[in-house]
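Each chain is listed here by its residues.
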There are 4 protein chains.
Amino acid sequence: MDGKIGLEEHFAIPETLSDSAGFLPDESWQELSKRLLDIHEGRLRQMDEHGMEMMLLSLNAPAVQAIHETSKACEIATRANDFLAEQVAKRPDRFQGLAALPLQDPDRATRELERCIKDLGFRGALVNGFSQVDRPDNVVYYDAPQFDSFWKTVQELDVPFYLHPRNPIPAWAQIYEGHPWLLGPTWAFGQETAVHALRLMGSGLFDRYPRLKIILGHMGEGLPYSMWRIDNRNGWTKAPKSYPAKRNFAEYFQENFYLTTSGNFRTQTLIDAILEIGADRILFSTDWPFENVDHAANWFDATSISEADRLKIGRTNAVDLFKL
Amino acid sequence: MDGKIGLEEHFAIPETLSDSAGFLPDESWQELSKRLLDIHEGRLRQMDEHGMEMMLLSLNAPAVQAIHETSKACEIATRANDFLAEQVAKRPDRFQGLAALPLQDPDRATRELERCIKDLGFRGALVNGFSQVDRPDNVVYYDAPQFDSFWKTVQELDVPFYLHPRNPIPAWAQIYEGHPWLLGPTWAFGQETAVHALRLMGSGLFDRYPRLKIILGHMGEGLPYSMWRIDNRNGWTKAPKSYPAKRNFAEYFQENFYLTTSGNFRTQTLIDAILEIGADRILFSTDWPFENVDHAANWFDATSISEADRLKIGRTNAVDLFKL
Amino acid sequence: MDGKIGLEEHFAIPETLSDSAGFLPDESWQELSKRLLDIHEGRLRQMDEHGMEMMLLSLNAPAVQAIHETSKACEIATRANDFLAEQVAKRPDRFQGLAALPLQDPDRATRELERCIKDLGFRGALVNGFSQVDRPDNVVYYDAPQFDSFWKTVQELDVPFYLHPRNPIPAWAQIYEGHPWLLGPTWAFGQETAVHALRLMGSGLFDRYPRLKIILGHMGEGLPYSMWRIDNRNGWTKAPKSYPAKRNFAEYFQENFYLTTSGNFRTQTLIDAILEIGADRILFSTDWPFENVDHAANWFDATSISEADRLKIGRTNAVDLFKL
Amino acid sequence: MDGKIGLEEHFAIPETLSDSAGFLPDESWQELSKRLLDIHEGRLRQMDEHGMEMMLLSLNAPAVQAIHETSKACEIATRANDFLAEQVAKRPDRFQGLAALPLQDPDRATRELERCIKDLGFRGALVNGFSQVDRPDNVVYYDAPQFDSFWKTVQELDVPFYLHPRNPIPAWAQIYEGHPWLLGPTWAFGQETAVHALRLMGSGLFDRYPRLKIILGHMGEGLPYSMWRIDNRNGWTKAPKSYPAKRNFAEYFQENFYLTTSGNFRTQTLIDAILEIGADRILFSTDWPFENVDHAANWFDATSISEADRLKIGRTNAVDLFKL
Ligand SMILES: [Zn+2]
Ligand SMILES: [Zn+2]
Ligand SMILES: [Zn+2]
Ligand SMILES: [Zn+2]
């Protein structure tokens, strides 16, 4: 279909480019780095050729989240957002922006988000999982209490927050030892991001800010398949909930989350997602440049869903969610 | 349907009983411990009431796998297997056995498996994830080279190996810190077991022993939903595989793995599993006594699949797989 | 779920009551006739007990459509509509009306529809398939040219038209000879109504009146399963279309049709319908009193779809479609 | 996948060629007639190019069934079968035969079937719906009592019977009047064949001959989608069955019927069929030359089912069913 909109579409600035090395074999690095630094050439050509009208652009990963010096993290976030704003200004009909945020400092992240939305006209934020704060091994997830005011602002601004994957730090990645191929998109990205999302749900965040809109890529990082078991294991015990949140995990998932197809071009998986969360909360994305636009688009244009859902997932859900 | 067979159905001996404490709220412990120690009373009544003809019984978790002193692990495994053999002998029409194995010592585990199959008439083995060897923090997965001969024997004996969940050790569970409710069946069990299975696939084990049959519970511990992405992320890079195994992960999954419904009574999830691995490799199970037989049976008897698949999943796949 | 709305829910007036005899075994007739004549007693109790907030009521079948004397058909339609308006007036919070129409005379049917919508406050029309005109064996489908002005008015009034089943006349039912059990809801209703719908599509009606909204019961009378083949058989021949309409059948189906669950409480079928037409065009209905409210509601409340779609199909799609 | 086997694959002899005219636009006739008369040239090339190892060949439609003079029907059937046997003998590795049968005379049809199976080595029969007997308007379905002995022989020979579509005779096609585009594969084929199948089920045929194996093309001629409603409409009435057969329609459907994908290359439809009848009873077919091999094969090779089911549906189910 024409007019598709993607929302997990990355670029790099020189300072963050090397963060994307290592995921792909060396022989692909030249191509990947070229893709990451380009906005208006090859990228736009790919979009034209495969019916993508718009990309909501975001910085590559882990970038800002992995810069444990807060001042440096802030500086890079600002620089990336300023660069992105300039690029969007050249073709606002084809590109819109999602903010990079230095969540090492919740207050500065809040102010940067406000600047990005109000001054730069961005449509939301995309954050690459946990932040390393002050030292490389200090891992901070956003269910922590110091983020309460940040989330309050996200809700007030009424913009979506894309929780994007990153790898665990090496000290927390023991289970993959000797099997480095399980890191990154193969598996570890999903585990990392799914648990982060579950931490947000279990913490009661969505009781406090019920209008938050969190986006997960990769068809939900595995959550739809397991969501029933999360709430229903040991169903015969009638004990009170053991976590702070008031409701079942699935209720937050169904009311506060959106999923994208980024990097998961699988019809069976899409059907399962539709039967768990409904087509109104699923949105097309490619994960460019880590995935090809043609792989995403050729699959999506032919995948075995209704034409009505194809239009919603491919385009109109994004128009509604981001007020495009 | 009548005649259902379950294959993830647990019991405890006094020495392992307390391993099952802590997963459920205290007020359920009295009931749970009673269920675990019972074989021929309440359990059989549950089976009669809900159309289960047979349970393949296995020791609770983590039990043997968590006993880091090898001699103690061997002793408990032997004791549990002997006890199980006695129980099966009383009602071989309703119960069959799966061996507990002290994989702290691959040779002794191999011999115990041979004893269980050849002398005790067991139908396979059920192992609770990684073993702690010699000291609590020495975590050993079964893709390690010292298990090669063990797997050779498993293939020669032509019996299924059920890879059952356990929790990560605390030092490896940092991601769940402050969120203990994500441990156990809610989430950590799945991550732990899925990664273990992926390690087996990536290691080349199934190239060496292509007739191994590994069973995963809980509808595949999340793997079916993500299997495509595991092999196909970054599809545009044509680099050679980075792991020892010769084929795609999905090929091993489709040819060497079986899934059960234990603790995951969700039709959407079952349909996705059918569309990924096919109904010939899915088998009914309850996860008694952590899950109720009626919850499993009432769901399964009515779930939205063909009657042909209901019969296969509920019964005949197990008859074929275990030569019942 | 609470708050369900049903839109294929029938009543009878004394003059049409006997039209519903013959479909069910004699021993059910006493109960059925009581159900058909009741509005505010047992019906409301059923609704209360099973979470139905509202029924859009319609006359039983074939009723007006089978009265070949036009004046009589008009009289009965008027009488039924007046009776229905009185009943709705007593509980407008629980009942709304769909008009019976004497399509034997397109002009009078048009005027009666206008009266029902503008004066009586009805929400649409429900018509029982073809009309017999002037003599019993003169079968008239609504793709005929004399209905053009009627359809124009339907579009202008912006109300849905429910195309409800009826049996073929005996002279056209040769294929069922010796097998009367294939008549009615078992099979013939579906064939009759599906072909009528296809005639409307193929005739070009929706090219002329593209905003028409046609509702089909019984999960689409078989059409979703076959819709691809209807347009794509003999796909290698590139001949121009042989029918008057400009577009593929499926395009009209996807843009001008809505389906209800009446009398087809089957999850597999619902999933197929979702994957063909999307959850925005599927609406809950029971087909009371020919089907039980509890059969419909118990199934629907538990069927394996997302909660978002359950709410849309159960309630909000109807609110939108009928401006409730 | 390679090695696919198709079982609804047609040829014509000069005497039956013109029966296939009229379904397709004139400009396709030259190509179609060439395809129908060819066995070893273009057909084999198509098979080679798209991974079809074998076609079970059958005469085009309606052919024998439409020849109301019994002696002529017998003569044409014999001639077609003899011709087919010769063709199969040239490449038994690529072609096998299904018998044409003159069911105008049940005894001669029985003897011809025996000859085809025992002498010619055919694998089953394919019959084009009802037969016209003695005069064009005498329509005979095979639930009639005079076919009892024929069915007895089919069961004894243990060969499948493919019930292939044909159009209704004009006197029975009133519902399509003015809409000739609804005849043939667009719609009328499905109605005709589905009702014939339901007549067989309702008649009690499968109570008398429970090992009969009936094959339906086109993903079951619409039956899977409606099978639940056929048995469960008006579920609240507990009246005894009104038809001769002892069991529910769905039970016969699930135990005596097989479906093929011929001419219905739709993933949604295939998934629904899998969830109704199971992958063991679905078989790949193309409907050559009315459908293209590449259309069938390209779809099937990529359709969203498990690889295990792809192999069964594409090949091994046919090997088992026809003892290839
Ligand atoms: Zn990404
Ligand atoms: Zn278990
Ligand atoms: Zn009705
Ligand atoms: Zn055919």
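What you are looking at is a predicted structure, and each value in this text was computed from that prediction instead of being measured. (Residues numbered from 1 in each chain as written. Chains lettered and ligands numbered in written order. Predicted model: local features only at pLDDT ≥ 70, side-chain atom pairs only at ≥ 80, totals over all residues. Heavy atoms only, no water.)

Undergrad: Looking at this structure, how should I read the overall build of chain A?
TA: Counting its secondary structure elements, chain A contains 13 helices and ten strands. For 324 residues, the compact-globule estimate of 2.2 N^0.38 gives 20 Å, and chain A sits close to it at 19 Å. Once the C-alpha set of chain A is aligned to its principal axes, its extents read approximately 60 × 50 × 45 Å. Expressed as a percentage of the 324 residues in chain A, the buried residues total 68%. At a minimum sequence separation of 6, the contacts of chain A that also span at least 24 residues come to 78%. Taking the 34 positively charged and 46 negatively charged side chains of chain A as two groups, their mean positions are separated by 5 Å. (Helix = DSSP H or I, 4+ residues; strand = E, 2+ residues; numbered from the N terminus. Rg over C-alpha atoms; globule rule 2.2 N^0.38 Å. Buried < 20%, exposed > 50% of the residue type's maximum accessible area, 1.4 Å probe, protein only. Contact = heavy atoms within 4.5 Å. Lys, Arg positive; Asp, Glu negative; His and termini not counted. Charge placed at Lys NZ, Arg CZ, Asp CG, Glu CD.)

Undergrad: Got a minute to help me understand the layout of surface pockets in this structure?
TA: Space left empty within the atom packing is revealed by a probe, the size of a water molecule, rolled over the atoms. Here the largest pocket defines a volume of roughly 1200 Å³. Lining the largest pocket are 49 residues, with A:Thr267, A:Trp299, D:Ala302, D:Thr303 and D:Ser304 positioned closest to its centre. The space that makes up the second largest pocket amounts to roughly 900 Å³. Every residue lining the second largest pocket is counted, 37 residues in all, and those nearest its centre are B:Arg266, B:Thr267, B:Trp299, C:Ala302 and C:Ser304. Examining the composition of the lining of the second largest pocket, we find that five residues originate from one element, helix H12 (residues 293-302) of chain B, more than from any other. Tallied by class, the residues present in the lining of the second largest pocket amount to twelve nonpolar, 14 polar and eleven charged. (1 Å grid on protein atoms, 1.4 Å probe; cavity = no way out; pocket = protein on both sides within 12 Å on 5 of 7 lines; lining within 4 Å. Points joined across faces, edges and corners; volume = space filled by probe spheres on them. Nonpolar A, V, L, I, M, F, W, Y, C, P; charged D, E, K, R; others polar.)

Undergrad: I would appreciate a short explanation of the UniProt feature "domain: Amidohydrolase-related" (unreviewed entry) in chain A in the present structure.
TA: In the numbering adopted here, UniProt assigns the feature "domain: Amidohydrolase-related" (unreviewed entry) to residues 38-324 of chain A. Overall, residues 38-324 of chain A shows 44% helix and 11% strand. The separation of its end C-alpha atoms is 23 Å. (UniProt positions renumbered as here; feature names shortened; annotations may be inferred.)

Undergrad: Just to check I follow, could you spell out the relation of the copies chain A and chain B for this structure?
TA: Copies of the same chain, two in number, are related to each other by a rotation about an axis and a translation along it. By a simple turn and slide, chain A fits onto chain B: the slide is 0.0 Å along the axis, the RMSD is 0.0 Å, and the turn is 180°. Between the two chains, the operation in question is that of a two-fold axis. Both copies present the same face, since 99% of the interface residues in chain A are matched by interface residues at the equivalent positions in chain B. (Least-squares fit on C-alpha atoms with pLDDT ≥ 70 in both.)

Undergrad: Sorry if this is basic, but what is going on with the interface of chain A and chain B here?
TA: Frequently, the measure chosen for interface size is the accessible area that the parts lose on association. Across the contact, 68 residues belong to chain A and 68 residues belong to chain B. Approximately 6200 Å² of surface area, both sides summed, lies buried where chain A meets chain B, with 60% of it carried by carbon and sulfur atoms. Per-residue buried area on chain A facing chain B is highest for A:Tyr225, A:Arg229 and A:Trp236; these three make up 16% of the total on that side. Counting across the chain A and chain B interface gives two salt bridges. Note that B:Arg266 and A:Glu276 form a salt bridge whose closest N and O atoms lie 2.7 Å from each other. Looking at the side of chain A that touches chain B, the elements with two or more residues in it are helix H2 (26-37), helix H7 (188-202), helix H9 (223-232) and helix H11 (267-277) of chain A. (Buried area = accessible area lost by both parts, 1.4 Å probe. Salt bridge = Lys/Arg side-chain N within 4 Å of Asp/Glu carboxyl O.)

Undergrad: What is the right way to read helix H2 (residues 29-37) of chain D from this model?
TA: Owing to its 3.6 residues per turn, the α-helix aligns residues three or four sequence positions apart on the same side. Residue and element names in this part refer to chain D. Within the sequence span of H2, burial applies to Leu32, Ser33, Arg35 and Leu36. Buried residues in H2, looked at end-on, bunch into an arc of 160°, giving them a common side. Turned more than 90 degrees away from the buried face of H2 sit Gln30 and Lys34, all of them exposed. Next to the buried residues of H2 lie strand S1 (4-11), helix H1 (14-17) and helix H3 (42-49). (Arc of directions from axis to C-beta.)

Undergrad: Explain the coordination of the zinc ion (ligand 4) to me, please; I cannot follow it from the model alone.
TA: All names here are of chain D. Note on the zinc ion (ligand 4): its protein donors are Glu8 (OE), His10 (NE2), His164 (NE2) and Asp287 (OD). The metal-donor distances range over 1.9 to 2.2 Å. Coordination at the zinc ion (ligand 4) is irregular: its four donor atoms span angles of 87 to 178° at the metal. Along the chain, the residues that donate to the zinc ion (ligand 4) are spaced as E-x1-H-x153-H-x122-D. (Donors = N, O, S within 2.8 Å, 3.2 Å for Na, K, Ca; no water. Tetrahedral: all angles 85-135°; square planar, octahedral: opposite > 155°, others 65-115°.)

Undergrad: Can you walk me through the pattern of salt bridges in this structure?
TA: If you walk through the whole model with that rule in mind, you get 92 salt bridges over all chains. Put simply, A:Asp93 and A:Arg91 hold a salt bridge, and the shortest N to O gap is 3.0 Å. Take A:Arg91: its relative accessible area is 29%, and that puts it in the partly exposed class. One salt bridge connects D:Asp48 with D:Arg94, and the closest N-O pair in it is separated by 2.8 Å. A residue pair is termed long-range when its members are at least 10 positions apart, and D:Asp48 in helix H3 and D:Arg94 in the loop between helix H4 (70-90) and strand S3 (95-99) qualify at 46 residues. Linked by salt bridges that have partners in common, A:Asp280, A:Asp309, A:Lys312, C:Asp280, C:Asp309 and C:Lys312 make up one network.

Undergrad: Got a minute to help me understand the sheet that holds strand S4 (residues 124-127) of chain C in this structure?
TA: Sheet strands pair by backbone hydrogen bonding; their relative direction is either parallel or antiparallel. Residues and elements named next belong to chain C. With parallel pairing, eight strands are arranged side by side in an open sheet as S1-S2-S3-S4-S7-S8-S9-S10. Since the sheet does not close on itself, it has two edges, and those belong to strand S1 (4-11) and strand S10 (282-283), each with one partner. Contacting strand S8 (214-216) and strand S9 (257-260), helix H10 (residues 249-256) crosses the sheet at an angle of about 65° to S9. (Pairing = 2+ DSSP bridges. Axes fitted to C-alpha atoms, helices over the stretch in contact; angles between N-to-C directions.)

Undergrad: Explain the packing of aromatic side chains to me, please; I cannot follow it from the model alone.
TA: Each aromatic ring pair is summarised here by two numbers: the centre-to-centre distance and the angle between the ring planes. On inspection of all chains with the given rule, the structure shows 62 aromatic pairs over all chains. Note that B:Arg281 overlies the ring of B:Tyr258, its terminal NZ or CZ placed 4.6 Å from the centroid. Taking the ring centre of C:Phe284 as reference, the NZ or CZ of C:Lys4 above it sits at 5.9 Å. (Phe/Tyr/Trp six-rings, centres within 6.5 Å; stacked < 30°, edge-to-face > 60°. Lys NZ or Arg CZ within 6 Å of the ring centre and 35° of its normal.)

Undergrad: Help me out: how do you make sense of the interface of chain C and chain B in this one?
TA: Listed by partner, the interface residues are five residues for chain C and five residues for chain B. Buried surface at the junction of chain C and chain B, both sides included, amounts to about 380 Å², of which 44% is carbon and sulfur. In this assembly, chain C and chain B are joined by four residue pairs in polar contact (both at pLDDT 80 or more). (Polar contact = N/O pair within 3.5 Å; in protein donor to acceptor, adjacent residues only side chain to side chain.)

Undergrad: Explain the coordination of the zinc ion (ligand 3) here, please?
TA: Ideal geometry at a metal centre gives angles of 109.5 degrees when four donors are arranged tetrahedrally and 90 or 180 degrees when six donors are arranged octahedrally. All names here are of chain C. The protein atoms donating to the zinc ion (ligand 3) are Glu8 (OE), His10 (NE2), His164 (NE2) and Asp287 (OD), with metal-donor distances spanning 1.9 to 2.2 Å. Geometry at the zinc ion (ligand 3) is irregular, judged from the four donor atoms that bind it and their angles of 86 to 177° at the metal. Donor residues for the zinc ion (ligand 3) sit on one chain with the sequence pattern E-x1-H-x153-H-x122-D. In this pair, glutamate 8 is assigned in strand S1 and histidine 164 in the loop between strand S7 (161-163) and helix H7 (188-202), connecting sequence segments 156 residues apart. Of the two residues, glutamate 8 and histidine 164, both sit in the buried class.

Undergrad: Would you mind going over the pairing of strand S3 (residues 95-99) of chain B with me for this structure?
TA: Sheet faces and side chains relate simply in a regular strand, where the side chains alternate between the two faces. All names here are of chain B. Of all five residues in S3, five are buried, a share of seventy percent or more. The two faces of S3 match: Phe95, Gly97 and Ala99 on one face and Gln96 and Leu98 on the other face are all buried. Relative to S3, strand S2 (residues 52-59) runs parallel, the two sharing three bridges. Bridge pairing links methionine 55 to phenylalanine 95 in S3. Of the crossover connections in this fold, the one passing from S2 over helix H4 (residues 70-90) to the parallel S3 is right-handed. Alignment of S3 against strand S4 (residues 124-127), held across two bridges, turns out to be parallel. In the strand pairing of S4, alanine 99 is matched with alanine 125. Considered for its hand, the β-α-β crossover made up of S3, helix H5 (residues 106-119) and S4 is right-handed. (Right-handed = clockwise from strand over helix to strand, strands pointing away.)

Undergrad: I'm lost on the relation of the copies chain C and chain B in this one. Help?
TA: You can overlay chain C on chain B at an RMSD of 0.0 Å; the transform is a turn of 180° with a shift of 0.0 Å along its axis. The fraction of interface residues of chain C whose copies in chain B are also interface residues reaches 100%, indicating that both copies meet through the same surface.

Undergrad: What's the story with unusual backbone geometry in this structure? I'm lost.
TA: Leave glycine aside and you will find that most residues have negative phi; peptide bonds, for their part, are mostly trans. In this model, A:Trp288 is joined to A:Pro289 through a cis peptide bond whose omega is 5°. When you line up the elements, A:Pro289 lands in the loop between strand S10 (282-283) and helix H12 (293-302). Notably, C:Lys323 is not glycine yet its phi reads approximately 50°, a positive angle. Among the structural elements, C:Lys323 can be located in the segment after helix H13 (307-322). Unlike most non-glycine residues, D:Met219 shows phi in positive territory, near 60°.

Undergrad: I would appreciate a short explanation of the sheet that holds strand S10 (residues 282-283) of chain B in the present structure.
TA: Spatially, the eight strands line up as an open sheet ordered S1-S2-S3-S4-S7-S8-S9-S10 (chain B), and their pairing is parallel. The open sheet has two free edges, formed respectively by strand S1 (4-11) and S10 of chain B, since each of these has just one partner strand.

Undergrad: Got a minute to help me understand the pairing of S2(B) in this structure?
TA: Residues and elements named next belong to chain B. Among the eight residues in S2, seven count as buried, and that is most of the element. Pairing of S1 with S2, which is carried by six bridges, proceeds in the parallel orientation. Pairing of phenylalanine 11 across the sheet is with leucine 59, part of S2.

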